[in-house]
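# A look at the structure
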Amino acid sequence: MLIAFRLLVIFLAAIPALAAVNDALAQGGIVLITAVLVGLSATTVPEGDLSIIWPLLRRVSLATVFPIAWMVLQIVPLPFTSLVNPIWLATTAAMGEASNWGHVSVAPGATLRSLSAYLAMLALMISTAIVARDRKRAEMTFFVVTIVLTILSAEVLIAQARPFQEMIPPAGSAASDMFVATALLATLCNCAVAIMAVERRLSRKETGESSFVSLASRLGPAVIGLIIASAATRILAPSLAIAALFLGLAALFVVAVFRRLGFQPWPATGVFLIVAGIATAIIFPHLQSKPADGIAGFAASSSTEALTGTARILSATPWLGNGVGTSPALMAIYGDFGSVPQAPPTTALSIAIEWGWPAFAIVAALGLHVFVFVFRGALRRGRDSFFASAAAASILVVLAEALCDTSLLSPPVQVIGAVIVGLGLSQSVGRTSRLK
């Protein structure tokens, strides 16, 4: 079983590499190589760690397998006219052919490339979860991710100087969405490092092993990173993203406080979900910045043409969607004549167009399920809870940010997100703990 599991990790990492020859995936070559290397390194992990990781992954298996199943459904030819996209029936009719066969996706090739990219991210997440079972490796991985995110945030600050203004896209543009996400995640990770330093100071003080120098060596860089990330967030992030950040910070502090008070995981999780749900229902509707219906109103920066084209596509989107990875082609078709083709203004709208509304609801629910699992894991941990709490807070922020920009569609953000989630899953259960 364990040997088969190791081979599965390597297999998932290697499949997308075969598609890297395609120009659409060339920009993700580094991502694919990283997934292969980390997958191969998983073969050196002790079998005891794999026996802990496997039950963890089974708990979130529905969230990881559903996207694969849905994209396969969109790719394979189907003989049911009620399921296939109407474009295939219209095409066969125009060519004088009588056939009921077709695809859910309007561009099966684009959906296949999206499936390959997803398999790469899944392999990276699983590999990170395996490698990060060791707390030293987990800490090193988390510090490296935090440093990378902080450097990207510092780049935003440097770009404010006139000689370096071309370093990053201007604030408010779709190209700057990646820097918004990295600034938010940098704020969360640096805050988690600060909490880690304070908690270890308190625990060592209780045992008489406290050291002010050790506290300063960890807390000082975390505070500096937090200042840099907060400044970058203030420059780039829209109101909804900032509200999502406060929600993520609340998750971090709730875990820290409830653990100190000895709250049980399920009651603490229920209290947080209720309070966060009420706050979201009250605050988020007032943060709509666009005169559009539904989730399109949360788009932080988008032209009228993009919103209009998106509305047209959504009005004609079948229940099973148009195919993952097809929204750029659809925007070119449904956009206004003479306008520059654009992608949908937010990740949420892209999912609704490509996956369909039923799958959109399922994906949102599965994302919330992963958050609850990791959040409970952080509350359940005896120590080193900050890895899982940072992952839970990151999931919450990314899910909320998907409503206002396209940052989650950026490969760098996907890589960082896969590593953080894998780290959080791995550290949501201690070596002597059991899943409940």
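The structure under discussion appears in the preceding block.
Read on for an overview of the structure.

Conventions and cut-offs
- Residues numbered from 1 in each chain as written.
- Predicted model: local features only at pLDDT ≥ 70, side-chain atom pairs only at ≥ 80, totals over all residues.
- Heavy atoms only, no water.
- Helix = DSSP H or I, 4+ residues; strand = E, 2+ residues; numbered from the N terminus.
- Expected span 1.5 Å × (residues − 1).
- Buried < 20%, exposed > 50% of the residue type's maximum accessible area, 1.4 Å probe, protein only.
- Patch = residues over 30% accessible without salt bridge, like charges linked within 9 Å, V, L, I, M, F, W, Y side chains within 5 Å.
- Areas by Shrake-Rupley, 256 points an atom, 1.4 Å probe, with all protein chains shown as cover.
- Salt bridge = Lys/Arg side-chain N within 4 Å of Asp/Glu carboxyl O.
- Core = buried A, V, L, I, M, F, W, Y, C linked by side-chain atoms within 4.5 Å.
- Contact = heavy atoms within 4.5 Å.
- Phe/Tyr/Trp six-rings, centres within 6.5 Å; stacked < 30°, edge-to-face > 60°.

### A short note on helix α7 (residues 108–131)
The end-to-end C-alpha distance of α7, which contains 24 residues, comes to 34 Å, matching closely the 34 Å that a straight helix rising 1.5 Å per residue would cover. Burial analysis of α7 places 19 of its 24 residues in the buried class, which makes it a mostly covered element.

### Thoughts on a nonpolar patch on the surface
There is a patch of nonpolar side chains on the surface, built from I274, I278, I282 and I283 and spanning about 400 Å² of accessible area. Looking at the secondary structure, you find I278 in helix α12 (residues 265–283).

### Details of the nonpolar core
Grouped together as the largest cluster of nonpolar side chains are 121 residues, with contacts concentrated most on F142, L252, V374 and F375. Among the elements that line this core, the one with the most residues is helix α9 (residues 177–206), at 16 residues.

### Here we look at the environment of T346
Among the secondary structure elements, T346 is positioned in the loop between α14 (327–334) and α15 (347–355). For T346, a relative accessible area of 0% corresponds to the buried category. Separated by 63 residues in sequence, T346 and L409 place their C-alpha atoms 9.0 Å apart. Leaving out residues up to four positions away in the same chain, T346 has contacts with A299, A402, L403, C404, D405 and T406.

### Here we look at the packing of aromatic side chains
A full pass over the atoms with the stated rule returns eight aromatic pairs. When the centroid spacing of 5.4 Å and the interplanar angle of 75° are considered together, the rings of W357 and F360 count as edge-to-face. Note that W357 and F360 are positioned in helix α16 (residues 357–380) at a spacing of three residues, about one turn of the helix. Taken together, F142, F386 and F387 form an aromatic cluster joined through their ring pairs.

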